[in-house]
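Residues per chain are reported as follows:
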Amino acid sequence: MLPAELDRLDLKILDRLQIDAGESSSEIADHVGLSQSPCWRRIQRLKADGFVKRQVAILDREKFGESMYIFAQLKMSRLSDDARERFVNAIQDIDEITEAYTLFGDMDVMLKVLAPNIAWYQNFTFRRLLRLPGVEDVRSTATLSELKNTHRLPLPEL
């Protein structure tokens, strides 16, 4: 699973970037046991090689008012290539859909939807989800509380 071009220091740097990508290369160097310049060069190489896709700020959604995540599982009809592309483009354009996955099993697609409340989500289901190309059925699960939320990948230790 570990790419051959990554060593122990690369993994430590990548882990620090997952914790706080806003740290300076000097701060990261202190954490991983390197001097600043070699650490900076490694960071640049890791970015150039595509191990770091992008750096973003993670906002505190509670600061924006009440909200909840709802997982919507969609049953899809058989779609032509054109209809599938329209479906994918449509879900890309809906900001409240924060993640989307294809599934094995009875349902075909799972969406993670950020909703202010259940009434809003009910309206969203009828006016948006059921109008997407190929959607035949929607089964939803509303979350009560968030126990863990991270984008940090577990990296092997060397």
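Residues numbered from 1 in each chain as written. Predicted model: local features only at pLDDT ≥ 70, side-chain atom pairs only at ≥ 80, totals over all residues. Heavy atoms only, no water.

Colleague: Talk me through the overall build of the protein; I want residue IDs and the actual numbers.
Modeller: The helix and strand inventory of the protein stands at five helices and four strands. Listing the helices and strands of the protein from first to last along the sequence gives α-α-α-β-α-β-β-α-β. Relative to the globule expectation of 15 Å for 158 residues, the C-alpha radius of gyration of the protein, 20 Å, shows a markedly less compact shape. Considered along the principal axes of its C-alpha atoms, the protein spans approximately 55 × 40 × 25 Å. (Helix = DSSP H or I, 4+ residues; strand = E, 2+ residues; numbered from the N terminus. Rg over C-alpha atoms; globule rule 2.2 N^0.38 Å.)

Colleague: How would you summarise the packing of aromatic side chains if you had to cite specific residues and measurements?
Modeller: Summed over the entire model, instances satisfying the criterion amount to two aromatic pairs. Taking the centre distance of 4.8 Å and the plane angle of 15° together, the rings of Trp-120 and Phe-124 count as stacked. Of the two residues, Trp-120 and Phe-124 are both situated in helix α5 (residues 118-127); the distance of four residues between them amounts to about one turn of the helix. For Trp-120, a relative accessible area of 25% gives the class partly exposed. Aromatic side chains Tyr-121 and Phe-124 sit 6.2 Å apart centroid to centroid with 35° between the ring planes, which places their arrangement in the tilted category. Taken together, the residues Tyr-121 and Phe-124, both in helix α5 and three residues apart, mark about one turn of the helix. (Phe/Tyr/Trp six-rings, centres within 6.5 Å; stacked < 30°, edge-to-face > 60°. Buried < 20%, exposed > 50% of the residue type's maximum accessible area, 1.4 Å probe, protein only.)

Colleague: Quick one: what's the story with helix α3 (residues 36-48), residue by residue and with numbers?
Modeller: Think of an α-helix as 3.6 residues a turn; residues three or four steps apart then line up on the same face. For α3, which comprises 13 residues, the first-to-last C-alpha distance of 18 Å matches the rise-based estimate of 18 Å (1.5 Å per residue) to within 8%. The inward-facing, buried residues of α3 abut α1 (8-19) and α2 (25-32). Directly beyond the C-terminal end of α3, a positive phi value near 85° is found at Gly-50. (Expected span 1.5 Å × (residues − 1). Contact = heavy atoms within 4.5 Å.)

Colleague: Give me the nonpolar core: which residues, what numbers.
Modeller: In this structure, Leu-74, Phe-87, Ile-97, Leu-111, Tyr-121 and Leu-129 are the most contacted members of the largest nonpolar core, which totals 21 residues. Counting residues per element, this core draws most heavily on strand β1 (residues 68-76), at five residues. Ignoring anything within four residues of it in the chain, the contact list for Phe-87 reads Leu-74, Met-76, Leu-79, Val-109, Leu-132, Pro-133 and Val-135. Within the second largest apolar cluster, 12 residues are counted, among which are Ile-13, Leu-14, Leu-17 and Ala-29. (Core = buried A, V, L, I, M, F, W, Y, C linked by side-chain atoms within 4.5 Å.)

Colleague: Describe α1, listing the residues and the values that go with them.
Modeller: Taking 1.5 Å of rise per residue, 12 residues should cover 16 Å, and α1 covers 17 Å from first to last C-alpha, within 8% of that figure. Within α1, burial applies to Leu-9, Asp-10, Leu-11, Ile-13, Leu-14, Arg-16 and Leu-17. Looking at the buried positions of α1, the neighbouring elements they touch are α2 and α3.

Colleague: Before we move on, can you summarise the pattern of salt bridges with the specific residues and values?
Modeller: Applying the stated criterion to the full structure yields 12 salt bridges. Asp-10 is the salt-bridge partner of Arg-42, the closest N and O atoms lying 2.8 Å from each other. With Arg-42 in helix α3 and Asp-10 in helix α1, this pair connects stretches of sequence that are 32 residues apart. Assigned by exposure class, Arg-42 and Asp-10 land together as buried. Between Arg-86 and Asp-82 there is a salt bridge, with the nearest N and O atoms lying 2.7 Å from each other. In this pair, Arg-86 and Asp-82 are both assigned in helix α4 (residues 81-92), four residues apart and thus about one turn of the helix distant. The class for Arg-86 is partly exposed, based on a relative accessible area of 43%. Owing to a relative accessible area of 48%, Asp-82 belongs among the partly exposed residues under this scheme. Salt bridges here are not isolated pairs; linked through shared partners, they connect Asp-7, Asp-10, Arg-42, Arg-45 and Asp-49. (Salt bridge = Lys/Arg side-chain N within 4 Å of Asp/Glu carboxyl O.)

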